[in-house]
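Residue-level listing of the chains:
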Amino acid sequence: MEELISAFDAQVDNALFWLADHASFVFDFCRLVLEGLYAGVLGLLMLPPFYVIAALAGLLAWRVLGLVPGVVTAAALALCAAMMLWPETMSTLALVIAATVIALATGLPLGVLAGLLPRLEKLLTPALDLVQTLPPYIYLLPSIALLGYGPATALIATVIVAMPPAIRLTALGIRQTPREFIELGHATGVTPLQMFLKIRLPFAVPSIMAGVNQSLMMAFGMVVIAGIVGSGGLGETIYGAIRTLDIATSINASIAIVVLTMVLDRVTQAAARTK
């Protein structure tokens, strides 16, 4: 049995080495695209002063949650700047936004197909269970081997972790369309596209928005873990503080992470309820 496991491990290592040797141009291109996306989002977030971003976030929270949550949101983001962690906070937010956009761009279409095609859902379910069961650190190792250290590795690992909720909840929303409405659509002679856009999709929107919310939360958790691969942001700040036993910095960075998480969580939950 030990020989079999050793042979399997050797095959995995050889496969990674082969990919690194023969497909390096592919991974170099992927790294360039991912880091370009991250740099673009971060550049947009860092372009205005911190108080502009805080005010915009406060206005958004006011719009969907109310006046008091809006004021608290703006004040909480201003606190991140007061703790001298604004660049790290925006770096973390940029990583989360970039990873979530990629995860949703991939996960939502797969979820729609899984909701419409039961056989595809049966194939995807074991894979999604495996992705959600394995420790998040597992996804960092092959990413490091193929992409090296940096934001690209963090993005790949975060996308893998953030996709399953979007796929599952989108498929659930598509499947839960009331049968009487589907029968009504068939009776009125709607086309398959009209059936999807006018009947299935409106009923699925709350579930899809819940998937967006959960993808964001999973992305936040993974971005912090990915700080050990040099992704930048608050995760790397906490990792550096742990290595140097800088308790004050680790607490400040943790507060900033809590602020970002709560703001995005409450806003996306309110958007889901509104839809």
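Now for a description of the structure that goes with this document.

Criteria and cut-off values
- Residues numbered from 1 in each chain as written.
- Predicted model: local features only at pLDDT ≥ 70, side-chain atom pairs only at ≥ 80, totals over all residues.
- Heavy atoms only, no water.
- Helix = DSSP H or I, 4+ residues; strand = E, 2+ residues; numbered from the N terminus.
- Buried < 20%, exposed > 50% of the residue type's maximum accessible area, 1.4 Å probe, protein only.
- Contact = heavy atoms within 4.5 Å.
- Axes fitted to C-alpha atoms, helices over the stretch in contact; angles between N-to-C directions.
- Parallel < 35°, antiparallel > 145°, perpendicular 65-115°, else oblique.
- Left-handed = near helix turned anticlockwise from the far one by under 90°.
- Nonpolar A, V, L, I, M, F, W, Y, C, P; charged D, E, K, R; others polar.

Turning our eyes to something else, we now look at unusual backbone geometry. Positioned with a positive phi, Met 84 is a non-glycine residue whose angle comes to about 65 degrees. Mapping Met 84 onto the fold places it in the loop between helix H4 (67-82) and helix H5 (86-116). Its relative accessible area of 67% is what places Met 84 among the exposed residues.

Let us look at the environment of Val 112. Residue placement: Val 112 occurs in helix H5. Between the C-alpha atom of Val 112 and that of Arg 168, which follows or precedes it by 56 residues, the distance is 9.4 Å. Every residue in contact with Val 112, bar those within four places of it in the chain, is listed here: Thr 170, Ile 174 and Phe 196.

With that settled, consider the packing of helix H2 (residues 24-46) against H5. Interhelical geometry of H2 versus H5 gives an angle of 130 degrees and a closest axis separation of 9 Å. In terms of orientation, H2 lies oblique with respect to H5. Considering only the axes of H2 and H5, their crossing is right-handed. Residue-level inspection shows Leu 34, Leu 37, Tyr 38, Val 41, Leu 42, Leu 45 and Met 46 of H2 in contact with H5, the latter providing Trp 86, Pro 87, Met 90, Ser 91, Leu 93, Ala 94, Leu 95, Ile 97, Ala 98 and Ile 102. The residue makeup of the contact of H2 with H5, split by class, is 16 nonpolar, one polar and no charged.

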